[in-house]
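One letter stands for each residue in the lines below.
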Amino acid sequence: MARNNLVLRRADSWEPLSYRLELPAEIRELRSCRLDISLLELSVAGCGLWAGFRIRVERPITLFVDGFAPIKARTEWSSSGFAELVFDQHLHLSVVQHMARQSASIAGSPAVLGIPRAAHAEFASLSQEWKSRT
């Protein structure tokens, strides 16, 4: 697997290494139906996503990715259709790498859900902005 999708974080704080990807998935908020999203960034501790709508913060979420068990999480922040989830339990690194490989295998397929062309850059910018406030 190519390493060009690895995202390196700031050196002054510990954050898990994450993979930049575009993987279709679904989320389910409490008392809601499943909603289509696209994963943009994934680490053992959480993920960044494009939903196209605001997700309620600090609410329980279940993430569904084809071929994997449901993942329990909560919304850390949400803005402009983007959001970041923190997993209730860290994923094993091999699971994260497998999802990254799965994303690479479907790369080149048409963009889903109207993801903005510069989605990864915009997500990274929003994520850094949120983290600088806390």
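## Let's talk about the side chain of Glu29
- For Glu29, the position within the fold is in strand β2 (residues 18–29).
- Nearest to the buried, unbridged Glu29 among oppositely charged side chains is Arg56, at 4.4 Å.
- Excluding residues within four positions of it along the chain, Glu29 makes contact with Ile55, Arg56, Pro60 and Ile61.

## Re the pairing of strand β7 (residues 82–87)
- Burial of β7 is extensive: five of the six residues sit out of reach of the surface.
- Inspection of the sheet shows strand β4 (residues 46–50) paired to β7 by five bridges, in the antiparallel sense. Its bridge partner being in β7, Trp50 is matched across the sheet by Phe82.
- Two strands pair when backbone bridges link them, and strand β6 (residues 71–79) and β7 are joined in this way by six bridges, in the antiparallel orientation. Within β7, the position partnered with Ala73 by the bridge is Phe87.

Criteria and thresholds
Residues numbered from 1 in each chain as written. Predicted model: local features only at pLDDT ≥ 70, side-chain atom pairs only at ≥ 80, totals over all residues. Heavy atoms only, no water. Helix = DSSP H or I, 4+ residues; strand = E, 2+ residues; numbered from the N terminus. Buried < 20%, exposed > 50% of the residue type's maximum accessible area, 1.4 Å probe, protein only. Lys, Arg positive; Asp, Glu negative; His and termini not counted. Salt bridge = Lys/Arg side-chain N within 4 Å of Asp/Glu carboxyl O. Contact = heavy atoms within 4.5 Å. Pairing = 2+ DSSP bridges.

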